[in-house]
Amino acid sequence: MAKKNAAQTPSTPASSSKKHVTPATPATPAAATAAALSSAASTVAASTSNAASSQVDLISRLLSSYNKETPQSLKIIDAYLVFVMLTGIIQFVYVILAGTFPYNSFLAGFIASVGTFVLAANLRIQVNPKNTEFKHLSPERAFADYLFSSIIFYAFVVNFLG
Amino acid sequence: MLGLNSSSETVWLRVTILSLVAILAFASRLFSVLRFESVIHEFDPWFNYRTTVELVENGFYDFVNWFDELSWYPLGRVVGGTVYPGIMVTAGLIHKFLTTLNFPIHIREVCVFLAPLFSGFTAIAAYLLTAEMKDPAAGLLAAAFIGIAPGYISRSVAGSYDNEGIAIFLLVFTFYLWIKALKLGSAFYGALTALFYFWMVSAWGGYVFIINLIPLHAFALILMGRFSTRLYVAYSTFYVIGTLSSMQIPFVGFQPTKTNDHMAALGIFGLLQIIAFVEMIRTHLSSNQFRSLLTGLVIGFFIIGFGGLVGLTYGGYIAPWTGRFYSLWDTGYAKKYIPIIASVSEHQPTAWPSFFFDLQLLMPLFPAGVYLCFKELRDEHVFVILYAITASYFAGVMVRLMLTLTPIVCVAAALAVSRLLDIYLANAGPAPVTAAPATEKDVKSIKEDKKKEKKKEGRFGIWSFDSKLSVVLPIGLVLTVFAWHCTWVTSNAYSSPSIVLASRGRDGSQVIIDDFREAYYWLRQNTPEKAKIMAWWDYGYQITGMSNRTVLVDNNTWNNTHIATVGKAMACSEDVAYEVMRKLDVDYVLVIFGGAIGYSGDDINKFLWMIRIGEGVYPNDISERNFFTDRGEYRIDDQATKTMRDSLLYKMSYYRFNDLFGGKTGYDSVRGSHVSTKPIKLHTIEEAYSTENYIVRLYQVKKPDNIGRSLSAASTFGKKRKRRSRKPASGKAKKGRG
């Protein structure tokens, strides 16, 4: 299944995989709306169980595919990304509870989280062997880029903390 | 040619041409220095110069914390927090660098030559940008174009020490880095883009253009289905570092998180995160399932984001668009609601001829270049198209924004010309015909061969020398004429310092009119150090810069009420004005009057703006209608309205003007009419100084009367009989007005 998707024909449903896909199609729009408007979808009792089961199915498939196909180095970066995202969420929740008073400090801290996340995500994209667009970029160069942008970024963060 | 192989030869040739272009760009901006002297021009540059001197003398920290007591009396101005410090810091650093090299140079010289220097850099940046779009040949053309295009020279001649001088270089170079980052998907270039963006933010308010154009570009690419991880890397690196860095500038502060001007960039940033996340999941799941999920997510995010923005704006958390922004969409807006913005001549809508005056040949070439971009439509061409569209619109709305249009016009025109020359100057002909065609049949067969060849290879072109010549020669001619035009415009229209004027005498010799500096120097030498000078805001920077005296209002028009108060003093009768002036501790009043010599940018011509701005705040004291005659004319002669003739500005401008004409009625050569025959009497102020050509007139405000009479009463003491005979007429008029 996953291999067939690699053919990347998103605009037209691949004719070869029609058999596999067709049973899933009726459920898909429901799943999509459920994801987009998850709160609204919960009220619709009839379609919920159907959508939820397909959602669970989807997620389990996603996880297994992720575990199988992601190299170890990328998984480490992903763990880092999750950690950084948590720091950002904690700061955000704190600000909602305690107020934004030293606004620059909050901004510096929060943007530090966002920026760290984004820069690490850049690194992940660039060293991902599946991304054909970055064939010209060696992992070492990607890491050097990461370091360079991080240094500039943290210089501004430190200056802004106040 | 030089015993080098051809590729290194072209590199050397390119470097040589490019450096020559940069030198040319520098040199063609020196007319003003050669004609006049190395002096700071116009209005705003004087303030920049003054702050730079402060920076160089007292160091960076004093500069940031500087409270300027000389302006906006009695309020003062926190300069460090209300200024874009980029240009001052740049000039200061260059000055420091040169002095460390034991190359002593006065800071004024650095300031005067800063803009031409950066124009040279702009040429190089334009080369790089265009080379990314097409090839180095087009880049060289673009560099040459921007080096001499009058649209850019208008703001970057030597002495024009203003933000735009370095900002255009930063604009073009930031865009170049952005394109580079996008092409390579490089975080390194993304970070560099952000760094130059930071420099740009520190230098000019026009940075808002960058922070809206780049997201627009990203958004367009997403809509075109061209999302790529390269876009993600380039944009997120740029946005995160750029936004954080822009908040380091005190004048910008928290605006990037609080104003609508910056929200588009944030929205695109969020959108990219979501798309990238979804794309990542997509690699793990069937494409069919996720297509619908993706659309749902994107649309949902867009709606939530937009709704949130609207909600926050109404809730007051995010400032709505500023007035200056509205005036970009509705050209009548400023005139109605913020006359102070509309009153600035560079904020007027652009007249058609000025497009051709400033860009000439580039103007017709510009659409051709944009068309060529449409034909190729790689990611970077989308950028050119978007830049071209937005900048054309903005340039049409405001004269001043012609400046942001010029770079893209140069790039597009260079693309067009270079494409043309590629076709008509191609060295490689078709496969060489070895045997001369002997018979007609042969000729035909060769022709057929040629046709076949063309069809086969899909190549087409012009091979014969004469047809090449017939196109290349006119193009060369037109380009020559363009260069000629540029030089002419630069030397005639854009190289006047405007504080020193030049005119031609009857014999053709040059006459220098130096009234401004004469008056400012007089103020510096003859008035007490704490004297407060009242003048219209245009001259505020010059007075503080050259006379070192306190002014009430200046070109940093942050306080509309204060300016309106000055407008009220100028537009009302002497007695009303005297009260205002006493309250503001005014010691001297300065007016610019061009009637004697024909200098049209004087205060009488600006008077209507003073009235309008004043009326906006003091509608009870000033009414614009009263300054026009019954037939709606703006007159200064005997038929001028009573309000006009009583206004302080009118009186100051024409006081003793008739004496210049030996008792006959004076003739105002700007308005082209005679002035009022009645002699003007002043009782609350007295003439202190008038310059050689009467351009600047200074009046001293009298102290209040010792025994508490009004000054008009005091001035007529002992002349009662004479006054009584005149009184009834004026009294009636006054009643009529009240």
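Every value quoted in this text rests on a predicted model; they were computed, and no experiment measured them. (Residues numbered from 1 in each chain as written. Chains lettered and ligands numbered in written order. Predicted model: local features only at pLDDT ≥ 70, side-chain atom pairs only at ≥ 80, totals over all residues. Heavy atoms only, no water.)

Participant: An account of the overall build of chain B is needed here, citing residue identities and associated values.
Facilitator: Counting its regular elements, chain B contains 32 helices and 11 strands. Of all 738 residues assigned to chain B, the portion counted as buried reaches 52%. Nonlocal contacts in chain B, meaning residues at least 24 apart in sequence, comprise 71% of its contacts between residues at least 6 apart. Split by element, the accessible area of chain B, about 33,800 Å² in all, is 61% carbon and sulfur. (Helix = DSSP H or I, 4+ residues; strand = E, 2+ residues; numbered from the N terminus. Buried < 20%, exposed > 50% of the residue type's maximum accessible area, 1.4 Å probe, protein only. Contact = heavy atoms within 4.5 Å. Areas by Shrake-Rupley, 256 points an atom, 1.4 Å probe, with all protein chains shown as cover.)

Participant: How would you summarise the pairing of strand β10 (residues 685-690) of chain B if you had to cite specific residues and measurements?
Facilitator: The pairing of β10 of chain B with strand β11 (residues 696-701) of chain B spans 5 bridges and is antiparallel. Each residue of the ladder has a partner; that of Ile685 of chain B, found in β11 of chain B, is Val701 of chain B. (Pairing = 2+ DSSP bridges.)

Participant: Tell me about helix α4 (residues 86-100) of chain B, and name the residues and values.
Facilitator: Residues and elements named next belong to chain B. Given a rise of 1.5 Å per residue, 15 residues ought to cover 21 Å, and the 21 Å separating the end C-alpha atoms of α4 matches this to within 8%. If you check which residues of α4 are buried, you get Gly86, Ile87, Met88, Thr90, Ala91, Gly92, His95 and Leu98. Looking at the buried residues of α4, the elements they touch are α3 (44-64), α5 (107-133), α8 (163-184) and α9 (187-203). Of the residues trailing α4, Asn102 is marked for its positive phi of about 60°. (Expected span 1.5 Å × (residues − 1).)

Participant: A description of a nonpolar patch on the surface should follow, citing residues and the corresponding values.
Facilitator: All names here are of chain A. Judged by side-chain polarity, Val82, Met85, Leu86, Ile89, Ile90, Val93 and Leu97 come together as a nonpolar surface patch covering roughly 700 Å² of accessible area. The topology assignment puts Ile90 in helix α6 (residues 72-98). Look at Ile90 and you get exposed, because its relative accessible area is 57%. (Patch = residues over 30% accessible without salt bridge, like charges linked within 9 Å, V, L, I, M, F, W, Y side chains within 5 Å. Salt bridge = Lys/Arg side-chain N within 4 Å of Asp/Glu carboxyl O.)

Participant: Please give an account of the UniProt feature "transmembrane region" (unreviewed entry) in chain A that cites residues and values.
Facilitator: All names here are of chain A. Taking the UniProt record as the reference, the feature "transmembrane region" (unreviewed entry) is found at residues 77-97, 103-123 and 143-161. Along residues 77-97, the helical share is 100% and the strand share 0%, with 30 Å between the first and last C-alpha atoms. Secondary structure within residues 143-161 divides into 100% helix and 0% strand; the distance between the first and last C-alpha atoms comes to 26 Å. (UniProt positions renumbered as here; feature names shortened; annotations may be inferred.)

Participant: Provide a residue-level description of helix α20 (residues 379-397) of chain B, including the pertinent values.
Facilitator: Working note: α-helix, 3.6 residues per turn, so residues spaced by three or four point in the same direction. In this model α20 of chain B runs 28 Å from its N-terminal to its C-terminal C-alpha over 19 residues, within 8% of the 27 Å that 1.5 Å per residue would give. The buried fraction of α20 of chain B amounts to 15 of the 19 residues, a majority that puts the element mostly inside the structure.

Participant: Please provide a residue-by-residue account of the packing of aromatic side chains, values included.
Facilitator: Residue and element names in this part refer to chain B. Applying the stated rule across the entire model yields 56 aromatic pairs over all chains. Relative to Phe251, the ring of Tyr84 lies with its centre 4.9 Å away and its plane at 70°, an arrangement referred to as edge-to-face. Of the two residues, Tyr84 is situated in the loop between β2 (77-78) and α4 and Phe251 in the loop between α11 (229-246) and α12 (255-258); the sequence distance between them amounts to 167 residues. Judged by its relative accessible area of 33%, Phe251 is partly exposed. On the basis of an interplanar angle of 45° and a centroid distance of 6.5 Å, the ring pair of Trp536 and Trp537 is categorised as tilted. (Phe/Tyr/Trp six-rings, centres within 6.5 Å; stacked < 30°, edge-to-face > 60°.)

Participant: Could you give me a rundown of the packing of helix α8 (residues 139-161) of chain A against α11 of chain B, with the residues and numbers involved?
Facilitator: Running from amino to carboxyl end, α8 of chain A crosses α11 of chain B at an angle of 25°, the nearest separation of the two axes being 9 Å. By the angle class used here, α8 of chain A and α11 of chain B are roughly parallel. Where α8 of chain A crosses over α11 of chain B, the handedness of that crossing is left-handed. Of the residues in α11 of chain B, those in contact with Ser149, Ile152, Phe153, Phe156, Val157 and Phe160 of chain A of α8 of chain A are Thr237, Val240, Ile241, Leu244 and Ser245 of chain B. (Axes fitted to C-alpha atoms, helices over the stretch in contact; angles between N-to-C directions. Parallel < 35°, antiparallel > 145°, perpendicular 65-115°, else oblique. Left-handed = near helix turned anticlockwise from the far one by under 90°.)

Participant: Go over the pattern of salt bridges, please, and point to the residues and values.
Facilitator: All names here are of chain B. Tallied over the entire structure, the rule returns 30 salt bridges over all chains. Put simply, Glu37 and Arg517 hold a salt bridge, and the shortest N to O gap is 2.7 Å. Placement of Glu37 in the loop between α2 (31-35) and α3 and of Arg517 in helix α24 (residues 515-526) is noted, with a sequence separation of 480 residues between them. Using a relative accessible area of 21% as the deciding quantity, one classes Arg517 as partly exposed. Measuring nitrogen to oxygen at the nearest pair gives 3.0 Å for the salt bridge that ties Glu687 to Arg697. A residue pair is termed long-range when its members are at least 10 positions apart, and Glu687 in strand β10 and Arg697 in strand β11 qualify at 10 residues.

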